[in-house]
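# Report on the structure
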Amino acid sequence: MEKDFEYPDYFARFYDILYAHIREGKDCAFYLDEIAKATGRILEIGVGTGRCFKTALNKGADIYGVDISKPMVDQLKSTLDKKYHHRIKQLDAVNMKLNQTFDLIIAPFRVFSHVLNEKDQIRFLNTVSSHLNPGGRFIFDLFVPNPIILAYGIQNQTDFEGEYEPGKRLTRTVNSVPDIVNQLFNITMIFAWDENNTLVKKSWGFKMRFFFKYEIEYLIRLSELNLVAFYGDFDKNPLTKDSREFIMVCERKNA
Ligand SMILES: C[S@@+](CC[C@H](N)C(=O)[O-])C[C@H]1O[C@@H](n2cnc3c(N)ncnc32)[C@H](O)[C@@H]1O
């Protein structure tokens, strides 16, 4: 796909520290449960730094990972025993062709929000379908757009203020400007951290797509996948007007 974003190396470097603090980890528990139930090979799309992947691997799952971002892949490999490196590839899920198929494919934590246009979204879903074994499943999640953020955006919200190593400060501050017509958030993340006794400050801008329920259903219907379950949280409760997550379980059409 036309690459609409580039994760900078400092984001990959601080990712695990930030999200151990910001994200409660319920999503990983949900995906790990699905991984434990899968009988064969598993693929994580957008594997990132291996937040869920590494636990699955340690539990003995036959799991592989792809990610479009070199800094994320490098970060993951730097924490992974060399004997597992062949399981990780830097690839774009929109057009990847692996010589393996899978019983379970997952894309945890809003990977699909990085795919901004409809053509690539359908290609992504069809690529997933072509890598599924008959009877295999694809599970992914997206966030339910928060109406307050849709209306007002986010202004200078510091969501992490701590240390990344003893005595070394790190802060992250987020801005988000909604573009309702194009269903995008224009996000800026400002990082500041101590490095060699100086405060380094970097700013990174990117877009994230937001989706609504019916659009997700239509997109899946247009693809080679069928939607077989649609949950509103990681405890598998149905969608309600108060849901904060969209969690989709799909199978190949005519599987
Ligand atoms: C928010 S991170 C989630 C990482 C990991 N799954 C987790 O749960 O922590 C989204 C990841 O998706 C990757 N990604 C985005 N678009 C992708 C694509 N088209 N193909 C493969 N990976 C993609 C990004 O590089 C990033 O590592």
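Anything mentioned here points back to the structure above.
Residues numbered from 1 in each chain as written. Predicted model: local features only at pLDDT ≥ 70, side-chain atom pairs only at ≥ 80, totals over all residues. Heavy atoms only, no water.

Here Asp16 shows up in helix α1 (residues 9-22). We classify Asp16 as partly exposed; its relative accessible area is 31%. Asp16 sits 33 residues away from Thr49 along the chain, and the two C-alpha atoms are 7.2 Å apart. Setting aside anything within four residues of it in sequence, one finds Asp16 in contact with Thr49 and Lys54. (Helix = DSSP H or I, 4+ residues; strand = E, 2+ residues; numbered from the N terminus. Buried < 20%, exposed > 50% of the residue type's maximum accessible area, 1.4 Å probe, protein only. Contact = heavy atoms within 4.5 Å.)

This part is about the state of the cysteines. Summed over the entire model, instances satisfying the criterion amount to one disulfide. There is a disulfide in this structure between Cys28 and Cys52, and the S-S distance comes to 2.0 Å. Disulfide Cys28-Cys52: the torsion about the S-S bond is -80°, which places it as left-handed. With Cys28 in helix α2 (residues 26-37) and Cys52 in the loop between β1 (42-45) and α3 (53-58), the pair connects residues that are 24 residues apart, well separated along the chain. As far as the burial class goes, Cys28 and Cys52 line up, both buried. The thiol of Cys250 is not disulfide-bonded; the next cysteine sulfur, from Cys52, is found 18 Å away. For Cys250, a relative accessible area of 0% gives the class buried. (Disulfide = S-S within 2.5 Å.)

Let us now look at the nonpolar core. Formed by 32 residues in total, the largest nonpolar core has its most connected members in Ile45, Phe124, Phe138 and Phe140. Once you skip the residues sitting within four places of it in the chain, Phe140 turns out to touch Tyr31, Ala107, Phe112, Leu125, Ile220, Phe246, Ile247, Met248 and Cys250. Within the second largest apolar cluster, 27 residues are counted, among which are Ile68, Met72, Phe109 and Val174. (Core = buried A, V, L, I, M, F, W, Y, C linked by side-chain atoms within 4.5 Å.)

Here Ser243 shows up in the loop between β10 (225-231) and β11 (245-252). Ser243 sits in the buried class, given a relative accessible area of 7%. A distance of 2.7 Å separates the side chain of Ser243 from the backbone nitrogen of Thr240, its partner in a polar contact. Apart from residues lying up to four places away in sequence, Ser243 is in contact with Val144, Gly232 and Pro238. (Polar contact = N/O pair within 3.5 Å; in protein donor to acceptor, adjacent residues only side chain to side chain.)

Attention shifts here to the site of the ligand. In the region of the ligand, 20 residues are neighbours, and Tyr15, Gly46, Arg51, Asp67 and Asp92 sit closest. Backbone polar atom of Gly46 to a nitrogen atom of the ligand: 2.6 Å apart, as the coordinates give it. In this structure, Arg51 approaches the ligand through a side-chain N or O atom, which is 2.8 Å from an oxygen atom. Computed on the free molecule, the ligand has an accessible area of 590 Å², of which 98% lies beneath the protein chains in the complex. Considered class by class, the residues forming the shell around the ligand number twelve nonpolar, four polar and four charged. (Near = heavy atom within 4 Å. Areas by Shrake-Rupley, 256 points an atom, 1.4 Å probe, with all protein chains shown as cover. Nonpolar A, V, L, I, M, F, W, Y, C, P; charged D, E, K, R; others polar.)

What follows covers the packing of aromatic side chains. Considering all chains together, one arrives at 26 aromatic pairs under this definition. On the numbers, 5.9 Å between centres and 85° between planes, the contact of Phe210 with Phe212 is edge-to-face. Here the aromatic rings of Phe230 and Phe246 are separated by 5.8 Å at their centres, their planes lie at 55°, and the arrangement is tilted. Here Phe230 is found in strand β10, whereas its partner Phe246 is found in strand β11, with 16 residues between them in sequence. The burial state of Phe230 is the same as that of Phe246; both residues are buried. Three or more aromatic residues link up through ring pairs in this structure, and these residues are Tyr7, Tyr10, Phe11, Phe14, Tyr15, Tyr19, Phe109, Tyr164, Phe191, Trp193, Trp204 and Phe206. When the ring centre of Phe102 is taken as origin, the NZ or CZ atom of Arg41, which lies over that ring, is 5.9 Å away. (Phe/Tyr/Trp six-rings, centres within 6.5 Å; stacked < 30°, edge-to-face > 60°. Lys NZ or Arg CZ within 6 Å of the ring centre and 35° of its normal.)

Another point: helix α5 (residues 118-130). In a regular helix each residue adds 1.5 Å, so 13 residues correspond to 18 Å; α5 covers 18 Å between its end C-alpha atoms and thus fits that length. Those residues of α5 lying buried are Asp120, Gln121, Ile122, Phe124, Leu125, Thr127, Val128 and Ser129. The N-capping residue of α5, defined by a side-chain oxygen 3.2 Å from the backbone nitrogen of Lys119, is Asn117. (Expected span 1.5 Å × (residues − 1).)

Before going further, it helps to spend a moment on the sheet that holds strand β7 (residues 168-179). Taking strand neighbours across the sheet as the criterion, the four strands line up as β6-β7-β8-β9 in an open arrangement whose pairing is antiparallel. The open sheet has two edge strands, β6 (154-165) and β9 (198-209), and neither has a second partner. The mean angle between the axes of side-by-side strands here comes to 20°, regardless of whether they run parallel or antiparallel. With eight bridges joining them, β6 and β7 adopt antiparallel strand pairing. (Pairing = 2+ DSSP bridges. Axes fitted to C-alpha atoms, helices over the stretch in contact; angles between N-to-C directions.)

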